[in-house]
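One-letter residues, chain by chain:
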Amino acid sequence: MLEVSVRSRLGDFLLDAAFAAPAPALVALFGASGSGKSSVVNAVAGLIRPEAGHIAIDGEVLFDSAHDIDVPAEQRRLGYVFQDARLFPHLDVRRNLGYGLRRSRGGVRIAFDEVVALLGLAPLLARRPRGLSGGERQRVALGRALLAQPRLLLLDEPLAALDAARREEVLPYLERLRDEWHLPMLYVSHQLDEVLRLATHVVLMDQGRVATAGALAEVALHPALGRLAGEAAVGAVIDSVVTVVDAGTGLANVAAGSGELRVPADGLVPGTAVRLQVLARDVIVATRPPDGLSVRNALPGRVTAIDVESPYSRLVAIDAGSVTVLARVTSLAAAELGLVQGMPVWALVKAVSLRAAAHGSGVPQA
Amino acid sequence: MEWQALGLSLAVASRSVLFSLPLAIAVAWLLTRGRFAGRALLDAFVHLPLVLPPVAVGYLLLVLFGNRGPIGAWLFGQFGIQLVFSRAGAALATAVMSFPLMVRAIRISLEHIDPGLEQAARTLGAGPFDRFRSITLPLMLPGILAGAVTAFAASLGEFGAVITFVSNIPGETRTLPLALYTALQMPGGEAVAARLAALSFALGLGGLVAAELLARRVRALLGP
């Protein structure tokens, strides 16, 4: 359990953020640049001291202004992966990795060889940081933080300085830390793609405050997400499993509440845990069972909410069994169809994007 | 006379560098990272020997460290140390004069160290002293070496403060520049003076080139 509540005035910027998240979880702090994400992480790390607040991990208080508790950063036993890696230039990779390990208090749960194997660092051990590529640097920085035996790993936009190919070099390792090591992580990002792929929980930051926080699937339905990430990004996120793979059509069926959604089967097998995103703009609302349409994905459900997104558009939330999907319709259509809360409808899904897939232990259920 | 002066100069300069180096590191750190009232004043004070007439510095040392001076009397009473007219005094005078050069070089290297590295060390469990020893100090090394060599070369050539504070005693305080001055005052001393001047020139140039090479070498080793 991670509890964070911080208040600080930084110039004329007021940081006033509070959230709690279960552990182990990958909690993404998502928001625009300057929304206060990094300040929150730095406060958790102990690198900045908030004026007021309370920070605790699994009940152990790291900071509490009311009780005058402020554990020094070097004693907090957290790992920190910075955007710019911050490897020590005068030490080779092996000694960079060992820096935190030598100073770790308590037992060694995470062994040197294990981390080197996980991150594929063996060929780099004798090299100096300046000869490494951006992706290699971040992998070393990640390994160094892990070897400090952290109870929580803090990552401040660790992929922001990398191009797409280098990102892909690091992302799978983060997924393994989440799924196989069950390491709690607090992950700062302003890239929705990363959040959709990695996060189990999301804290949406807006101008120094928490707009909303919760499991990814819940936050994905929150109106604030559209405001912060753009209306094109609004849509339901569904964590589920593949039920059937049809080699003939090349499609895989994924259970989704009252029905199933079909996605391209590339590499999927029955039982694969997948995370799907259904964008609001890709969902059509029908008041009668669909007939004679090319759309194959139809989920029966009920209207639970109709939000005014703009003067001309409405966001319709449809409860389709255990999942909720969002549909964007024009205000004209909403009126002509007579959409009201509780009304039975069909959500016709034109497109589904596969955000993550994992075999075995799978995408953590939000 | 030349070799005696050279040996003495080297002895005085090395002692001067050796004793002032830890203090210079501490002062450079305070001036770069310290947040305290009076930092500007300390900065100015440290740089004072660069702008004061060396004779004035020597005079000030005489007042403070002379046998009747507040510090000099105490040192003599407590430890039997006498600085005036002694080799140790010559080292003190050259140390004071070359101190700003040393602090400057160390400070420049310290300013180039990304404080983010120290933060990273912090999150990895290193306390303040540990961070300084394992991260800051090794990264300051180019500046420390450059500062030490520059200060050493400057110490070899210090004249005004030395002659004022510890006088011109052959074999005790007559360093290269003092010997050069003495030779010039003697009839027929031109040949000796020329040799001493050439020696000083070679030492100074050698020192500065060595400092640059050393710094380059260490920079290459440490990387950007």
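Predicted model only: the values in this text are computed from it and were never measured.

A. Broad picture of the overall build of chain A. A tally of regular secondary structure across chain A gives nine helices and 21 strands. Here the C-alpha atoms of chain A give a radius of gyration of 22 Å, agreeing with the 21 Å that 2.2 N^0.38 yields for 366 residues. In terms of overall dimensions, chain A has C-alpha extents of about 70 × 50 × 35 Å along its principal axes. Residues classed as buried in chain A amount to 54% of the 366 residues present. Taking contacts inside chain A between residues at least 6 apart in sequence as the whole, the part at least 24 apart equals 66%. Surface summary for chain A: the accessible area is close to 15,200 Å², and the carbon and sulfur share equals 51%. Considering chain A, the positive charge centre built from 37 side chains and the negative charge centre built from 38 side chains are found 5 Å apart.

B. Geometry of the interface of chain A and chain B. The interface of chain A with chain B comprises 23 residues on the first partner and 25 residues on the second. For the pair chain A and chain B, the summed buried area comes to about 2,000 Å², and 59% of that belongs to carbon and sulfur atoms. For the pair chain A and chain B, the interface holds three salt bridges. Our count for the contact surface shared by chain A and chain B stands at six residue pairs in polar contact (both at pLDDT 80 or more). Mapped by element, the contributors of at least two residues to the side of chain A that touches chain B are strand S7 (78–81), helix H2 (93–103) and helix H4 (134–147) of chain A. For the side of chain A that touches chain B, the element with the most residues is H2(A), which contributes three residues. Residue classes in the side of chain A that touches chain B are distributed as twelve nonpolar, three polar and eight charged.

C. Local environment of the packing of aromatic side chains. In the structure shown here, the tally under the stated rule is five aromatic pairs over all chains. Consider the rings of Phe65(B) and Phe165(B), whose centres lie 6.5 Å apart with planes at 70°: the pair is edge-to-face. Residue Phe65(B) is located in helix H3 (residues 54–65), and its partner Phe165(B) is located in helix H8 (residues 160–166); the two are separated by 100 residues in the primary sequence. When the ring centre of Phe82(A) is taken as origin, the NZ or CZ atom of Arg86(A), which lies over that ring, is 4.0 Å away. Arg144(A) extends its terminal NZ or CZ atom over the ring of Phe88(A), reaching a point 4.5 Å from the ring centre.

D. Region of interest: a nonpolar patch on the surface. Residues and elements named next belong to chain B. A cluster of nonpolar residues, Phe45, Leu48, Leu50, Val51 and Leu52, forms a patch on the protein surface that exposes about 470 Å² of accessible area. Secondary-structure assignment places Leu52 in the loop between helix H2 (39–51) and H3. The exposure class of Leu52 is partly exposed, given its relative accessible area of 31%.

E. Fine view of the confidence of the model for chain B. Overall, the prediction assigns chain B a mean pLDDT of 90, with 99% of residues at 70 or greater. Mean pLDDT in chain B bottoms out at helix H10 (residues 190–222) of chain B, which sits at 85, and peaks at helix H6 (residues 115–123) of chain B, which reaches 95.

Criteria and thresholds
- Residues numbered from 1 in each chain as written.
- Chains lettered and ligands numbered in written order.
- Predicted model: local features only at pLDDT ≥ 70, side-chain atom pairs only at ≥ 80, totals over all residues.
- Heavy atoms only, no water.
- Helix = DSSP H or I, 4+ residues; strand = E, 2+ residues; numbered from the N terminus.
- Rg over C-alpha atoms; globule rule 2.2 N^0.38 Å.
- Buried < 20%, exposed > 50% of the residue type's maximum accessible area, 1.4 Å probe, protein only.
- Contact = heavy atoms within 4.5 Å.
- Areas by Shrake-Rupley, 256 points an atom, 1.4 Å probe, with all protein chains shown as cover.
- Lys, Arg positive; Asp, Glu negative; His and termini not counted.
- Charge placed at Lys NZ, Arg CZ, Asp CG, Glu CD.
- Buried area = accessible area lost by both parts, 1.4 Å probe.
- Salt bridge = Lys/Arg side-chain N within 4 Å of Asp/Glu carboxyl O.
- Polar contact = N/O pair within 3.5 Å; in protein donor to acceptor, adjacent residues only side chain to side chain.
- Nonpolar A, V, L, I, M, F, W, Y, C, P; charged D, E, K, R; others polar.
- Phe/Tyr/Trp six-rings, centres within 6.5 Å; stacked < 30°, edge-to-face > 60°.
- Lys NZ or Arg CZ within 6 Å of the ring centre and 35° of its normal.
- Patch = residues over 30% accessible without salt bridge, like charges linked within 9 Å, V, L, I, M, F, W, Y side chains within 5 Å.
- pLDDT = per-residue confidence, 0-100.

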